[in-house]
Number of protein chains: 2
Amino acid sequence: MTYCVAMRLKAGLLFASDTRTNAGVDHIASFGKMHQFQIPHQREIVLLNAGNLATTQSVLSLLRQRLQGEGEHLLNVPSLYDAAVLVGRTLKEVVARDSAGGGLNQGVDFGANFLLGGQIKGEGPRLFHIYPQGNFIEATEDTPYFQIGESKYGKPIIDRVIKYETTLLPEAAKCTLVSFDSTIRSNLSVGLPIDIVMLRANQFEQAMQPPHRIGREDPYFSRLREGWSEGLRKVFEDLPDEPWFEN
Amino acid sequence: MTYCVAMRLKAGLLFASDTRTNAGVDHIASFGKMHQFQIPHQREIVLLNAGNLATTQSVLSLLRQRLQGEGEHLLNVPSLYDAAVLVGRTLKEVVARDSAGGGLNQGVDFGANFLLGGQIKGEGPRLFHIYPQGNFIEATEDTPYFQIGESKYGKPIIDRVIKYETTLLPEAAKCTLVSFDSTIRSNLSVGLPIDIVMLRANQFEQAMQPPHRIGREDPYFSRLREGWSEGLRKVFEDLPDEPWFEN
């Protein structure tokens, strides 16, 4: 399984993903799910993936391979909308090819979801969720974040904290890590390290950095987990008792 | 959808369920999902259900109808284990009958899950999760709780708080309501009122009471939701900021 979240806030974009992949519980491996494409000072694109690993790897291979070619690719499409169309089309191409085996499919789900976000100079930051069918939706001020993969455990804290006006730092970054903590505690198939990238809106001066990677030994993440866990326990203990059970 | 949780703790049993049923978003109704069977001072049994409403209603109707008969029923089986066998068998009987339509099924899922718990004098409190296939598992000291229905949003808080030694009151009851709060906030298809029942271990003096029902106007639940929400926000704000983003 996988857990990825991306946010498009007023201040900019945030992307985070875990790195665990599994095919059954006895075949667990680490694969990065965050992929960056950029022309420094002109366009910054981040792609997160969840779903069938063969499908997502093939989509990424084709997207990268075609950067050299003459046709449309992620570094020459005029808008992020066109980038979403391109990723959706590539996804359909891969699934059509791989699922053509007919009787060999054995009920395998070839599907994958992608989160595509970033900024191309000339337009604002944008964020898309591309479905297994290749179509997609775009984040708005009312719905500023998307999740893919094992999303439910980590959703309540995001719903409580994240608004379009929320700051990238510290709020959105902290909230994202707490959301990952809840997910990792409840689902074995989501695991450290976490990759995280933030892109401030309209700032092309500095080139996009590689993801910050948060591993098992990360002292900040450990303090955050402990602080959250102790804080929750404290809040829980301080909650009022039930008057209606006193009968 | 539905959310039900049941716990078998050292102190006794706790059962809670929401009351919303939906078939699509435009067909939402209220149906209790908690059903009690008892012989006062001798046996107390609670059944929670999730899944296909036609199936669960039929299973309950048959279980109740047969209480009058000569055969095995919930009020005469010798152990709670046998009660679980009986519920599983009745479930399979209903699904076999209803799904026999062949071409009429139109992909409908006839399945249902049940949580069955209680105490029959002569044995300790027991709790079972009965699967759509009619087989079942029993709660142990290591795994003292089960959830059915929309379980993920409300799982993290239970995982953090509930151990076999946790008190029924106030801890398990409060934790259950917080778990429902998280679920209701994140999933429209789970809704108030909540039904909740607690059975202290080995106490047959008082007959089992009907569920305590917590509705929209319940002042205690409102205070709990507010206290939890404000407490979480406060803990979140007090979490340390990320040193690794200061570059």
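Each remark here, short or long, concerns the structure printed above.
Below: a short report on this structure. (Residues numbered from 1 in each chain as written. Chains lettered and ligands numbered in written order. Predicted model: local features only at pLDDT ≥ 70, side-chain atom pairs only at ≥ 80, totals over all residues. Heavy atoms only, no water.)

1. So, the overall build of chain A
Here's step 1: Scanning chain A from terminus to terminus reveals five helices and twelve strands.
Here's step 2: Taking 18 Å as the expected radius of gyration for a compact globule of 247 residues, we find that chain A reaches 19 Å, a close match to that expectation.
Here's step 3: Across its three principal directions, the C-alpha atoms of chain A cover 75 × 50 × 35 Å.
Here's step 4: Looking at the 247 residues of chain A, the share that counts as buried comes to 53%. (Helix = DSSP H or I, 4+ residues; strand = E, 2+ residues; numbered from the N terminus. Rg over C-alpha atoms; globule rule 2.2 N^0.38 Å. Buried < 20%, exposed > 50% of the residue type's maximum accessible area, 1.4 Å probe, protein only.)

2. Observations concerning the pattern of salt bridges
Here's step 1: Applying the stated criterion to the full structure yields 30 salt bridges over all chains.
Here's step 2: Among the ionic pairs, Asp181 of chain B bridges to Arg160 of chain A, the shortest N-O distance being 3.5 Å. On the criterion of chain membership, the pair formed by Asp181 of chain B in helix H4 (residues 168-186) and Arg160 of chain A in helix H3 (residues 155-161) is interchain, its members lying in two chains.
Here's step 3: For Arg160 of chain A, a relative accessible area of 11% translates into the label buried. (Salt bridge = Lys/Arg side-chain N within 4 Å of Asp/Glu carboxyl O.)

3. Some words on the packing of helix H1 (residues 53-65) of chain A against helix H2 (residues 80-98) of chain A
All names here are of chain A.
Here's step 1: Two numbers describe how H1 lies on H2: the axes approach to 9 Å, and their chain directions differ by 125°. Considering the angle they form, H1 stands oblique to H2. Once H1 is placed against H2, the crossing between them reads as right-handed. Where H1 approaches H2, its residues Thr55, Ser58, Val59, Leu62 and Leu63 are matched on the opposing element by Leu86, Val87, Thr90, Leu91, Glu93, Val94, Val95 and Arg97. (Axes fitted to C-alpha atoms, helices over the stretch in contact; angles between N-to-C directions. Parallel < 35°, antiparallel > 145°, perpendicular 65-115°, else oblique. Left-handed = near helix turned anticlockwise from the far one by under 90°. Contact = heavy atoms within 4.5 Å.)

4. Some points on the interface of chain B and chain A
Here's step 1: With 44 residues of chain B in contact, the opposing surface of chain A contributes 44 residues.
Here's step 2: Buried area between chain B and chain A, both sides added, is near 4300 Å², and the carbon and sulfur share of it is 66%.
Here's step 3: The interface formed by chain B and chain A holds six salt bridges in total.
Here's step 4: We note a salt bridge from Lys174 of chain A to Asp241 of chain B, for which the minimum N-O separation is 3.3 Å. (Buried area = accessible area lost by both parts, 1.4 Å probe.)

5. Quick look at helix H4 (residues 168-186) of chain A
Here's step 1: Between its first and last C-alpha atoms H4 of chain A spans 26 Å; for 19 residues at 1.5 Å apiece the expected length is 27 Å, and the two agree.
Here's step 2: Most of H4 of chain A is tucked away, with 15 of its 19 residues classed as buried. (Expected span 1.5 Å × (residues − 1).)

6. Structural notes on the environment of Gln209 of chain A
All names here are of chain A.
Here's step 1: Position of Gln209 among the secondary structure elements: in the loop between strand S11 (194-200) and strand S12 (212-214).
Here's step 2: Put simply, Gln209 and Leu192 are 17 residues apart on the chain and 20 Å apart in space, counted from C-alpha to C-alpha.
Here's step 3: When residues no more than four places from it in sequence are discounted, the contact partners of Gln209 are Gln36 and Val197.
Here's step 4: For Gln209, the side chain forms a polar contact with the main-chain oxygen of Ala207, separated by 3.0 Å. (Polar contact = N/O pair within 3.5 Å; in protein donor to acceptor, adjacent residues only side chain to side chain.)

7. Some thoughts on the sheet that holds strand S10 (residues 145-149) of chain B
All names here are of chain B.
Here's step 1: Reading across the sheet, the five strands line up as S10-S1-S2-S11-S12 and stay open at both edges, with antiparallel pairing between neighbours. In this open sheet, the two strands that pair with only one neighbour each are S10 and strand S12 (212-214). Averaged over neighbouring strand pairs, the angle between their axes works out to 15° when direction is ignored.
Here's step 2: The strands that H4 touches are strand S1 (3-9), strand S2 (12-17), strand S11 (194-200) and S12; relative to S11, the one it contacts most, it runs at about 160°. (Pairing = 2+ DSSP bridges.)

8. Let's talk about the sheet that holds strand S1 (residues 3-9) of chain A
All names here are of chain A.
Here's step 1: Pairing in this open sheet of five strands is antiparallel, and the strands run S10-S1-S2-S11-S12 from one edge to the other. Looking at the sheet topology across the chains shown, the edges are occupied by strand S10 (145-149) and S12. Recorded for the sheet is a direction-independent mean angle of 15° between the axes of neighbouring strands.
Here's step 2: Where S11 meets S12, three bridges bridge the pair, whose relative direction is antiparallel. Opposite Asp195, over in S12, you have Arg213 as the bridge partner.
Here's step 3: Of the strands in this sheet, S1, strand S2 (12-17), S11 and S12 are in contact with H4, which crosses S11 at around 160°.

9. Some words on the relation of the copies chain B and chain A
Here's step 1: The two copies are related by a screw operation: chain B maps onto chain A through 180° of rotation and 0.0 Å of translation along the axis, at an RMSD of 0.0 Å. Look at the turn and shift together and you get a two-fold axis relating the two. It is Tyr153 of chain B whose C-alpha, among those of chain B, lies nearest the rotation axis, at 2.5 Å.
Here's step 2: Of the residues that chain B buries at the interface, 100% are likewise interface residues in chain A, meaning the two copies contact each other through the same surface. (Least-squares fit on C-alpha atoms with pLDDT ≥ 70 in both.)

10. What to know about the pairing of strand S5 (residues 34-39) of chain B
Residue and element names in this part refer to chain B.
Here's step 1: As defined by bridge partners, S5 adjoins strand S6 (residues 43-51) across six bridges and the pair is classed as antiparallel. The partner of Gln36 across the bridge, within S6, is Val46.
Here's step 2: Hairpin connection, S5 to S6: the antiparallel pair is bridged by three residues, and His41 has positive phi, about 70°.

11. Thoughts on the pairing of S10 of chain B
Residues and elements named next belong to chain B.
Here's step 1: Taken across its five residues, S10 has four buried, putting it largely inside the fold.
Here's step 2: Note that S1 and S10 share five bridges and pair antiparallel. Considered in S10, the bridge of Val5 is made with Gln147.

12. So, the side chain of Asp18 of chain A
Residues and elements named next belong to chain A.
Here's step 1: As for its placement among the helices and strands, Asp18 is situated in the loop between S2 and strand S3 (20-22).
Here's step 2: Judged by relative accessible area, Asp18 falls into the buried class, the value being 0%.
Here's step 3: A polar contact of 3.0 Å, which involves the side chain of Asp18, links it to the backbone nitrogen of Tyr3.
Here's step 4: Only 3.1 Å separates the side chain of Asp18 from the backbone nitrogen of Gly191, close enough to count as a polar contact.
Here's step 5: In this structure Asp18 touches Met1, Thr2, Tyr3, Phe31, Lys33, Phe180, Ser189, Val190, Gly191, Pro193 and Ile194, once residues within four positions along its chain are discounted.

13. Some words on the packing of aromatic side chains
Here's step 1: By the definition in use, this model includes eight aromatic pairs over all chains.
Here's step 2: With 6.3 Å between their ring centres and 70° between their planes, Tyr81 of chain A and Phe128 of chain A make a pair best called edge-to-face. Remark: Phe128 of chain A occurs in strand S8 (residues 126-130) and Tyr81 of chain A occurs in helix H2; sequence separation between them is 47 residues.
Here's step 3: With a relative accessible area of 41%, Tyr81 of chain A lands in the partly exposed category.
Here's step 4: Cluster of aromatic residues (ring-pair linked, three or more members): Tyr81, Phe128 and Phe136 of chain A.
Here's step 5: Over the aromatic face of Phe236 of chain B sits the side chain of Lys174 of chain A, whose NZ or CZ is 5.5 Å from the ring centroid. (Phe/Tyr/Trp six-rings, centres within 6.5 Å; stacked < 30°, edge-to-face > 60°. Lys NZ or Arg CZ within 6 Å of the ring centre and 35° of its normal.)

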